[in-house]
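# An overview of the molecular structure
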Amino acid sequence: MMRAYFGSWGNSLLTLAALALIVLALPPIVGWAVIHAHVAPDPAACRTSFGACWGFIVEKYRLILFGAYPYDEQWRPTAAVLLFLVFGAWRPRILWLWVLAALVIYILMRGGVFALALVETSRWGGLPLTLILSVVGLGLAFPFSVMLALGRRSKLPVLRALSTLFIEVVRGVPLISVLFMASVMFPLFLPEGVSPDKLARAIVGIALFAAAYMAESIRGGLQSVPAGQEEAADALGLSYSAKMRRIVLPQALRIAVPSLTNNVISTFKDTSLVVIIGLFDLVGAVKAGLNDAPWRPYYIEGYLFVAAIYFAFNIWISRASRKLERRQTF
Amino acid sequence: MIFWNNRRVRGVLYQIAALGAVALVIGWFVGNTLDNLARAHIATGYGFLSRQSSFAIAEHMIPYSPADTYLHALIVGALNTIKVTVIGIVLATVIGVAIGILRLSANPLLSRLAGVYVEAMRNVPVLLHLFFWYGVVTQTLPAVNAAWEPLPGVFLSNRGIAVPWPGAGVPLLDGFNYQGGAVLSPELSALLIALALYTAAFIAETVRGGILSVPPGQREAARALGLKPFQSMRLVILPQALRAIVPPTTNQYLNLAKNSALAVAIGYPDFVSVANTTLNQTGQAIEGVSLIMAAYLTLSLGISALMNFYNERVALKGERT
């Protein structure tokens, strides 16, 4: 046991340095975060001490979690997030149940029917917006990415060239340029009068971007399926679509799960870039809260709170994917 | 119907259909776009590049004034992007390699600490890192006349970071400005810290994976020869691990280059920020976005080419990759 920490001179020095770092950093952090912290939502009290001002979170948590969604209607996004969490934990393997849940969430959020007041998408914000951008974006990206991956491996040169061109161009540019494209160019592409709202444009941008990366993960999976599998399917006389759907893709997707998980986590984090095109997701909402002058100095508290939410979701996604990897069949 | 049963004929038909569909969609987009532009009286083309930009850029590596052209402004932005990318890559590599090696340390304290670092960094959006560090630099660091000097010649203040630089000497505080040295603006400092710390976590993981891919017999053989741990790492393990490290690290460099576009969120005048201002002033949306995409494709291809050149040097001789 001692050898692991003090096996050699160098190792002992590193151990001491690490201990010193912990001993020097921990008390101020605990002092700041707990002992001297203020929980009451009173910026004047916070200014008198050097402790954390969690009062910012207490005061603004509804703004951070729900953005500009009308205050009296916020039970609706709460219900939408809960429904999402239930589905995320339960993960039913029935497509129409997911579609139904998405529909219920949409009706809850937007309203305009069943005596629910209409709330335009421009007022959606915070956690539900982050989740909608990620889940709908990834949901649209997945079938598209399978098509792109198959296209890139196709024996037909035109399909291969089109898929490769799309994947490489999208992977070579930053997401923010795709989002700019979605926000300023899509309205130009469509006929006069047809202008999808900002949220829909952002979702399309995220989906196109995620699809290119997911296609590469799936291509990796396709390449690891032994050639004999495909030859056996051919020998059985299966058509291309039956061969892919029944033989190749089920194996390829299972191999691709770990790298698809990375894509999912990246996309979830990357949805925060919609702040730059003027949507108020979690990051946008906490920034809006910090624009309130008396609370401006307490940015660390605000960003830590939001970082903790992202962290929790990402750990949850990694856990779920490890479970999925262990399972033999989907 | 006989020709339909021929696989080759069917393949050709599929491809014609795919091309036709893509051409139809693009044609429809172009048609709509031309209609919309004509209605808004916006001229297409890149003629606006030679017009006067009329906006100021806070940081420029080459002389620039608002009287210069848009093209000149875009070049200033591109140079700023390259500056962030190059410094960011160097910092991220140094931190990432150190964390990656620490993560494999036999000392549980060190490997745990490195693990906590990697998990905390990777699971939080890079934009949040960026806003956090921008807050630290502009709000928490002391005023310039009370600048914090953690190392001799290195000054941290809410006006940015001043460091000694070869040829420019050591920074000296003179009133509210530094004389000599290299001064990084608050925006550039926050951007570099955020990108370097974030990307370092990913590089650490590729370094760890690469070192683990070296068979344990190599390390044992190095020890049997009497090499010290540091020597065996430098002379035996790392040269072999590099083969597994370089390709995924190239991806991380590309990600860093692309993430540098987030500069627009805190107002550092990188290429995207300048192109976005240009786009808003001139209304040339298509040209602006196409310039951004072309610039980043060029940057990405450049980094890939450099890294492929390096990869060929570290790859096994005679090995085909």
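Definitions and limits used
Residues numbered from 1 in each chain as written. Chains lettered and ligands numbered in written order. Predicted model: local features only at pLDDT ≥ 70, side-chain atom pairs only at ≥ 80, totals over all residues. Helix = DSSP H or I, 4+ residues; strand = E, 2+ residues; numbered from the N terminus. Buried ≥ 20, exposed ≤ 12 C-beta atoms within 10 Å, placed from the backbone. Contact = placed C-beta atoms within 7 Å. Pairing = 2+ DSSP bridges. Expected span 1.5 Å × (residues − 1). Bend = angle between axes of the 7 residues up to and from the residue. Axes fitted to C-alpha atoms, helices over the stretch in contact; angles between N-to-C directions. Parallel < 35°, antiparallel > 145°, perpendicular 65-115°, else oblique. Left-handed = near helix turned anticlockwise from the far one by under 90°. Nonpolar A, V, L, I, M, F, W, Y, C, P; charged D, E, K, R; others polar. Domains from an automatic or database assignment. pLDDT = per-residue confidence, 0-100. Core = buried A, V, L, I, M, F, W, Y, C linked by C-beta atoms within 7 Å.

Here we take up the overall build of chain B. A count of helical and extended segments in chain B gives nine helices and six strands. Burial status across chain B gives 36% buried among its 321 residues. A sequence separation of at least 24 residues applies to 57% of the contacts in chain B between residues at least 6 apart.

Looking only at helices and strands, chain A features 14 helices and one strand. Taken along its principal axes, the extent of the C-alpha atoms in chain A is 80 × 70 × 35 Å. Contacts in chain A between residues at least 24 apart in sequence constitute 66% of all its contacts with a sequence separation of at least 6.

Residue and element names in this part refer to chain B. Mapped onto the fold, Tyr70 is located in helix α2 (residues 70-103). Placed 177 residues apart in sequence, Tyr70 and Pro247 show a C-alpha to C-alpha distance of 37 Å. Discounting residues that sit within four places of it in the chain, Tyr70 has contacts with Phe48, Leu49, Arg51, Ser53 and Thr278.

Next up on the list: the pairing of strand β3 (residues 160-163) of chain B. Residues and elements named next belong to chain B. Summarising the sheet, strand β2 (residues 154-157) and β3 pair through three bridges and their orientation is antiparallel. The residue bridging Phe155 from the neighbouring strand is Ala162, located in β3. In textbook terms, the turn of a hairpin is the stretch between consecutive antiparallel strands, and for β2 and β3 this stretch comprises two residues. In terms of strand pairing, β3 meets strand β6 (residues 182-184) through three bridges, oriented antiparallel. The partner of Val163 across the bridge, within β6, is Ala182.

Residues and elements named next belong to chain B. Here helix α7 (residues 229-259) spans only 36 Å end to end across 31 residues, well under the 45 Å set by a 1.5 Å rise per residue. Along α7, the largest kink reaches about 45° and is centred on Ile237; proline Pro239 follows within four residues of it. Within α7, the full set of buried residues consists of Ile237, Ala241, Ile245, Thr249, Gln252, Tyr253, Leu254, Leu256, Ala257, Lys258 and Asn259. Buried residues in α7 make contact with α2, α4 (126-140), α5 (186-212), α6 (216-224) and α9 (285-314).

Residue and element names in this part refer to chain A. Their axes nearest at 7 Å, the elements helix α10 (residues 198-224) and helix α12 (residues 240-270) cross at an angle of 140°. If you check the angle between α10 and α12, you find them oblique. Note that α10 runs across α12; the crossing there is right-handed. Note on element contacts: α12 touches α10 through Val248, Ala252, Leu253, Ile255, Ala256, Ser259, Leu260, Asn263 and Thr267, opposite Ile206, Ala210, Tyr213, Met214, Ser217, Ile218, Gly220, Gly221, Leu222 and Ser224.

Turning to the packing of α7 of chain B against α9 of chain B, a few remarks are in order. Packed helix pairs are specified by the crossing angle of their axes together with the interaxial distance, meaning the distance between the axes. Residue and element names in this part refer to chain B. Contact geometry for α7 and α9: axes closest at 10 Å, N-to-C directions at 165°. With respect to α9, the element α7 is oriented roughly antiparallel. Handedness of the α7/α9 crossing: right-handed. Contacts from Leu242, Arg243, Val246, Pro247, Thr250, Tyr253, Leu254, Ala257 and Lys258 of α7 reach α9 at Tyr296, Leu299, Ser300, Ile303, Ser304, Met307, Tyr310, Asn311 and Val314. Considered class by class, the residues forming the contact of α7 with α9 number twelve nonpolar, four polar and two charged.

Let us now look at the domain arrangement of chain B. The domain architecture assigned to chain B consists of domain 1 (3-41) and domain 2 (70-314). Look at where the C-alpha atoms of domain 1 of chain B and domain 2 of chain B centre, and you get two points 42 Å apart.

Attention shifts here to the interface of chain A and chain B. By a widely used convention, the size of an interface equals the accessible area lost when the partners come together. Contact with chain A, which involves 42 residues of that partner, is made by 44 residues of chain B. Of all the elements in the fold, those that place two or more residues in the side of chain A that touches chain B are α1 (2-6), α2 (9-35), α8 (157-172), α9 (175-189), α13 (282-290) and α14 (299-326) of chain A. Element by element, the count of residues in the side of chain A that touches chain B is highest for α14 of chain A, at nine residues.

Moving on, we get to the confidence of the model for chain A. Chain-level pLDDT for chain A is 83 on average; 98% of the residues reach the 70-or-more range. The element-level mean pLDDT for chain A is lowest in α1 of chain A, coming to 70, with helix α7 (residues 126-152) of chain A highest at 91.

On to the sheet that holds β3 of chain B. All names here are of chain B. Strand order in the open sheet made by the four strands is β1-β2-β3-β6, with antiparallel pairing throughout. Only two strands of the sheet have a single neighbouring strand rather than two, namely β1 (148-151) and β6. Strand after strand, the sheet turns through a mean of 20° between neighbouring axes, direction not considered. By the bridge criterion, two bridges tie β1 to β2 in an arrangement that is antiparallel. Residue pairing in the sheet places Trp148 in a bridge with Leu156 of β2. Strands in contact with α5 are β3 and β6; relative to β3, the strand with the most contacts, it is inclined by about 85°.

A general feature of soluble globular proteins is that nonpolar side chains tend to end up buried together. Judged by nonpolar contacts, the single largest core of 153 residues is most densely connected at Ile176 and Leu179 of chain A together with Leu127, Leu130, Leu191, Ala194 and Ile292 of chain B. Looking at this core, the element that brings in the most residues is α5 of chain B, giving 17 residues.

Moving on: the confidence of the model for chain B. Residues shown with low pLDDT carry predicted positions that ought not to be read at fine detail. Residue and element names in this part refer to chain B. Across chain B, the average pLDDT comes to 84, with 96% of residues at 70 or higher. Highest mean pLDDT in chain B belongs to α5 (92); lowest belongs to strand β4 (residues 172-174) (73). Interface predicted TM-score (ipTM) for the complex: 0.87; the corresponding pTM is 0.87.

Here the focus is the environment of Val94 of chain B. Mapped onto the fold, Val94 of chain B is located in helix α2. For Val94 of chain B and Ala200 of chain B, which are 106 residues apart along the polypeptide, the C-alpha to C-alpha distance reads 7.9 Å.

For the rest of this paragraph, the subject is the environment of Ala227 of chain A. As for its placement among the helices and strands, Ala227 of chain A is situated in helix α11 (residues 227-235). Distance in space between the C-alpha atoms of Ala227 of chain A and Ala79 of chain A is 48 Å, their sequence separation being 148 residues.

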